[in-house]
Amino acid sequence: MNLLLALSVAVLFGAGTFLMLKHDLIRMAVGVLMISNAVTLFIMSVGLSRGQAPIYPLAEGRPISDPVVQSLTLTAIVISFGLTALLLTIIYRVYTLYGTLRGPDDATQDDHAETAGELLAQRPRNEPPRERSRA
Amino acid sequence: MLLLPLLIAWTMAVILALLDGRRRWVGGLAIGAMTVVFIATFRLLLDVLQHGSREIVAGGWPPGLGITLRADELGIVFALVSNGVLLIALIYEVLEGVHERAMPALVLFLSTGLTGLFLTGDAFNFYVFFEISMTTSFVLATYGQRQREIRAALIFTVVNLLGSVFFLSAIASLYHLTGTLDMRALTAAAGTLEQNSITLTADFIFVAFGVKLGLFPFHFWLPPVYRDTWPAVAAILSGAVANIGSYGLLRFGAEILSRELRLSAGVLVVLGAISILYGALQAISVRTANEALAYSAIGQAGYILVALGIGGPVGIGAAILYALINPLNKTLLFLATGLRGWLVGAAFAIGAFSVAGIPPSLGFFGKVALFQVGIADNSVALVILLFIGGALSLIYMFQIYQRVHWTTEKTEQPSSVQSRVLVMGVAVLILALGLWPEPLLLASQRATDMLIGGR
């Protein structure tokens, strides 16, 4: 059982890392999700104990499985759910702004500004930024 | 008392989330709320300094079962500095004009996350607050919503999600090894564990906080993010969110895993030294002010790591003091790069002197503490390194100053008077704290005593 869990965690983590290194942003998001699922599984496996469910009333004399790990896993699942939603939203914004899911190319835009003054000149403060980006 | 800053920040964040933050009065409300949070944190600090650490077990559970909230000397000073930075950045952005409705609410949510993280006594609860702060800062990084901010936010999110994953695995293995999540019980248990089992866990924790702080091998995400985000957001990220990294290294490294910290001293000093030199040299070589400041942040994180690696009361004291001074410098510099006009140049120069460690600025005391570490360790190499680091920081700071403030481009409109006065106010605060450093020195001394005594 331990070996099986360790293998699953390793495969999930490895596959996730492989996907994360892809240029395609959706694959990258899937990779992040797989890695966070690998960790969820890892949390489960650190407290793996046989026993009755930790719900009152408890039967006397029988071991109880560790409830802390289960609550930690639940919390971790909820957090990774929220973060995945946020990550997908950001990727969607990238898609609407760049028109591609190949990942933002680092050299496309204002890296060539020579001085901080030029950089600042490109971002006038009082204009609503959203219109600017679509212009 | 202990819950007050947390509750105010969270309640006000929820209320502000329903309002349109672009309106002036909502911005004013957010500033008011943030001020109250800051004052509540300050009162809690006074309380902790006078009466020792405060503790509440959530839900009325017996200690050991429930989640503990604990305000001790180390956590509360970090909470105060972070809330102060958030307050300054929020005032700055409201004066400059908020662009997005969620921005003030996000700052308050970030304050909730950070205050909770610094005031928790439970490792998993630390992770939860950590994620609250990180999620909020991911959203804050998109602030502005143009191509560059979105790109920065994507890099920031993906890299820091990986960092969080490492931290979560480390917490899970700590629980596996010790059977507890309470930090005090962890401290007691971690010292008795077999060495092999806990080394990997300690590595994971180091990687997680190294990513957060932007130390040398984990720094690659930091320059594009600090360069491309809005000035106020860059100030928040470098002045408040990066504190998670230094606090985490102190809490988990110097307190819970102090034996592993001593074992890895050599590695930490070497990585810190590389960070200092790499950050400073890169800062000299890049052209834009924000990017130079981002590399400077990598270098400054290196000082904390070197002091932590040398350890002992002097080393840890210097690490704490430097970790408290550095956010103020960074906030001032990032805010000043977003502005134009007179006063701004003077404020930037004061920040630059503070980073280089020239009296009477506050940074002088950080540098003095670091030199004391070098002398206490009898290490000539370290003293030379600190001297070179300081000299290089003077060079890159005044390179920026020369490029930004000595050019007289007629096209540039000076920024609004209020925000210039605000930035000058932060500069005056740094000078004032440099002239009267006793409160800060006392607080960091007490935090050091607490950490050393906790062993």
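Bear in mind that the values here come from a model prediction, so they are computed numbers and not experimental data.

**Q** What am I meant to see in the overall build of chain A here?
**A** What chain A contains, in helices and strands, is 5 helices and 0 strands. Relative to its 135 residues, chain A shows a buried fraction of 21%. In chain A, 44% of the contacts between residues at least 6 apart in sequence involve partners at least 24 apart.

**Q** Would you mind going over the environment of B:Pro327 with me for this structure?
**A** All names here are of chain B. Relative to the helices and strands, Pro-327 resides in helix α15 (residues 312-337). As for Pro-327 and Arg-70, which are separated by 257 residues in sequence, their C-alpha atoms are 23 Å apart. Apart from residues no more than four positions distant in its own chain, Pro-327 is found in contact with Val-81, Val-85, Gly-239, Ala-240 and Asn-243.

**Q** For this particular structure, what's the right way to read the packing of helix α4 (residues 103-118) of chain B against helix α5 (residues 123-141) of chain B?
**A** In helix packing, the relevant descriptors are the interaxial angle and the interaxial distance, both defined with respect to the helix axes. Residues and elements named next belong to chain B. Direction vectors running N to C along α4 and α5 enclose 155°, while the axes themselves pass 8 Å from each other. Relative to α5, the element α4 is oriented roughly antiparallel. Along this stretch, α4 crosses α5, giving a crossing that reads as left-handed. Listed contacts from α5 to Leu-106, Phe-109, Leu-110, Thr-112, Gly-113, Leu-114, Gly-116 and Leu-117 of α4 are Phe-126, Phe-129, Phe-130, Ile-132, Ser-133, Thr-136, Ser-137, Val-139 and Leu-140. For the contact of α4 with α5, the residue count by class is 11 nonpolar, 6 polar and no charged.

**Q** For this particular structure, what's the right way to read the nonpolar core?
**A** Note on soluble globular proteins: their nonpolar side chains tend to be buried together. Residue and element names in this part refer to chain B. By size, the foremost hydrophobic cluster in this structure holds 209 residues, and its most contacted members are Leu-108, Ile-236, Ala-307 and Tyr-322. Considering each element in turn, this core owes the most residues, 18 residues, to helix α6 (residues 147-178). In this view, Ala-307 contacts Gly-315, Ala-318, Ala-319, Tyr-322, Leu-370 and Val-373; residues no more than four positions away in its chain are not counted.

**Q** For this particular structure, what's the right way to read the confidence of the model for chain A?
**A** As a note on interpretation, predicted positions should not be read in detail where pLDDT is low. Counting all residues, the mean pLDDT for chain A is 78, and 76% of those residues have values of 70 or more. Confidence, read as mean pLDDT per element, is least for helix α5 (residues 129-134) of chain A in chain A (41) and greatest for helix α1 (residues 2-20) of chain A (93).

**Q** I'm lost on helix α20 (residues 438-453) of chain B in this one. Help?
**A** Quick reminder: α-helices carry 3.6 residues per turn. Residues three or four places apart thus point the same way. The terminal C-alpha atoms of α20(B), which comprises 16 residues, lie 22 Å apart, in line with the 22 Å expected from a rise of 1.5 Å per residue. Those residues of α20(B) that sit buried are B:Leu440, B:Ala443, B:Ser444, B:Arg446, B:Ala447, B:Thr448 and B:Leu451.

Conventions used here
Residues numbered from 1 in each chain as written. Chains lettered and ligands numbered in written order. Predicted model: local features only at pLDDT ≥ 70, side-chain atom pairs only at ≥ 80, totals over all residues. Helix = DSSP H or I, 4+ residues; strand = E, 2+ residues; numbered from the N terminus. Buried ≥ 20, exposed ≤ 12 C-beta atoms within 10 Å, placed from the backbone. Contact = placed C-beta atoms within 7 Å. Axes fitted to C-alpha atoms, helices over the stretch in contact; angles between N-to-C directions. Parallel < 35°, antiparallel > 145°, perpendicular 65-115°, else oblique. Left-handed = near helix turned anticlockwise from the far one by under 90°. Nonpolar A, V, L, I, M, F, W, Y, C, P; charged D, E, K, R; others polar. Core = buried A, V, L, I, M, F, W, Y, C linked by C-beta atoms within 7 Å. pLDDT = per-residue confidence, 0-100. Expected span 1.5 Å × (residues − 1).

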